[in-house]
Amino acid sequence: PESAVYPTPVIGMVGLLEDRKKMLTSAFQQEGGLIYLLGRLPENIGGSEYLYLKEKIVAGQAPQADLEKAKILIQTLTQLAEKQIIQSAHDCAEGGLAVAIAESCFPKKLGAKLTFDIHCREDFVLFGEAHNNVIVSCSPNQEQDLVALCQKTNQAYIKLGKVTGSQLQINANIDVSITALAEDYETALEKALHN
């Protein structure tokens, strides 16, 4: 009664997709697909869900919005989808990179093996909620097209890894069954209400 319901604000948008065949979801589509981050790895956890869950505080400097980078990202994603270069796309806005990857694994119960360099605290990179970050996947034969388009539009990108069998592996520290992770994810609300 004394404040807004956390988290706010919420923005809803509606769009028109003229060709249903070009529709993208967040779900990884095939084992062997390649996973890229369009954007840059986060370097802080200010204002993140992770910080709130870990410390029970809403604090820190929230990521700064960069409208020019947002414009480039949207234009790049639009072209990648229009040319059917990517198979999936998922933003990292809520929960960060690790959560977006896991959510992309769940629908088809596919895993992911990610190996990439981290130059700051690993939890910041995995759970920071930086703006203008989107996880995409493509088939290996579309990789050159994805990279070429990102270079043409000046979109930052990082190759993270590939879609695999049934485990989520991130560098040396995370190795978990997708089935077990999905069960925890899908029953989280129920468990929270019973505690």
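Residues numbered from 1 in each chain as written. Predicted model: local features only at pLDDT ≥ 70, side-chain atom pairs only at ≥ 80, totals over all residues. Heavy atoms only, no water.

(A) Representation of the environment of Y185 in the model. With respect to the secondary-structure elements, Y185 resides in helix α6 (residues 178-186). Spatially, the C-alpha atom of Y185 lies 9.3 Å from that of F106, the residues being 79 residues apart in sequence. Ignoring anything within four residues of it in the chain, the contact list for Y185 reads E103 and F106. Side chain to side chain, Y185 and E103 meet in a polar contact 2.5 Å long. (Helix = DSSP H or I, 4+ residues; strand = E, 2+ residues; numbered from the N terminus. Contact = heavy atoms within 4.5 Å. Polar contact = N/O pair within 3.5 Å; in protein donor to acceptor, adjacent residues only side chain to side chain.)

(B) Structural detail: the nonpolar core. Ranked by size, the top nonpolar core spans 25 residues in total, and within it F28, I35, L97, I101, F116, I135 and L160 carry the most contacts. For this core, the elements supplying multiple residues, two or more each, are β1 (34-38), α3 (97-105), β3 (111-114), α4 (122-127), β5 (157-164), β6 (167-170) and α6. Ranked by residue count, the leading element in this core is α3, at six residues. If sequence neighbours within four positions are ignored, F116 has contacts with L41, L97, V125, L126, K159, L160, I170 and N171. (Core = buried A, V, L, I, M, F, W, Y, C linked by side-chain atoms within 4.5 Å. Buried < 20%, exposed > 50% of the residue type's maximum accessible area, 1.4 Å probe, protein only.)

(C) Representation of a nonpolar patch on the surface. A contiguous nonpolar surface patch, about 290 Å² in accessible area, is contributed by Y52, L53 and V58. Its location among the elements puts Y52 in helix α1 (residues 49-55). (Patch = residues over 30% accessible without salt bridge, like charges linked within 9 Å, V, L, I, M, F, W, Y side chains within 5 Å. Areas by Shrake-Rupley, 256 points an atom, 1.4 Å probe, with all protein chains shown as cover. Salt bridge = Lys/Arg side-chain N within 4 Å of Asp/Glu carboxyl O.)

(D) Representation of the packing of aromatic side chains in the model. Summed over all chains, the structure comprises two aromatic pairs. On the numbers, 6.2 Å between centres and 50° between planes, the contact of Y36 with Y157 is tilted. One end of the pair, Y36, is in strand β1; the other, Y157, is in strand β5, and 121 residues separate them in sequence. Y157 gets classed as partly exposed once you look at its relative accessible area, which sits at 29%. Summarising the aromatic geometry, the rings of F106 and Y185 are spaced 5.0 Å apart at their centres and angled 50° between planes, so their arrangement reads as tilted. Residue F106 is found in the loop between α3 and β3, and its partner Y185 is found in helix α6; the two are separated by 79 residues along the sequence. Taking relative accessible area as the criterion, Y185 reaches 43% and is therefore assigned partly exposed. (Phe/Tyr/Trp six-rings, centres within 6.5 Å; stacked < 30°, edge-to-face > 60°.)

(E) Quick peek at the pairing of β3. Looking at chain direction, β3 and β5 are connected through four bridges and run antiparallel. Its bridge partner being in β5, A112 is matched across the sheet by V163. With three bridges connecting them, β3 and β6 associate as parallel partners. In the strand pairing of β6, L114 is matched with I170. (Pairing = 2+ DSSP bridges.)

(F) Examining the sheet that holds β3 more closely. The strand order across the open sheet built from seven strands is β2-β4-β1-β5-β3-β6-β7, with neighbouring strands paired in mixed fashion. Edge strands, defined here as strands with exactly one partner in the open sheet, are β2 (88-91) and β7 (174-177). Adjacent strand axes in the sheet meet at a mean angle of 25° when their direction is disregarded. (Axes fitted to C-alpha atoms, helices over the stretch in contact; angles between N-to-C directions.)

(G) Highlighting the side chain of S104. By secondary structure assignment, the location of S104 is in helix α3. What makes S104 buried here is its relative accessible area of 1%. Within the structure, S104 has its side chain in polar contact with the backbone oxygen of S26 (distance 2.8 Å). Sequence-distant contacts of S104, that is, excluding residues within four places in its chain, are made with S26, A27, F28 and H90.

(H) Looking closely at helix α5 (residues 143-153). Within the span of α5, buried status applies to E143, L146, V147, L149, C150 and T153. One side of α5 holds all its buried residues, which, seen down the axis, span an arc of 165°. α5 presents Q144, Q151 and K152 as exposed residues on the side facing more than 90 degrees away from its buried surface. Along its buried surface, α5 packs onto β1, α2 (67-82), β4 (134-138) and β5. Once α5 ends, the next one or two residues include N154, with phi positive near 65°. (Arc of directions from axis to C-beta.)

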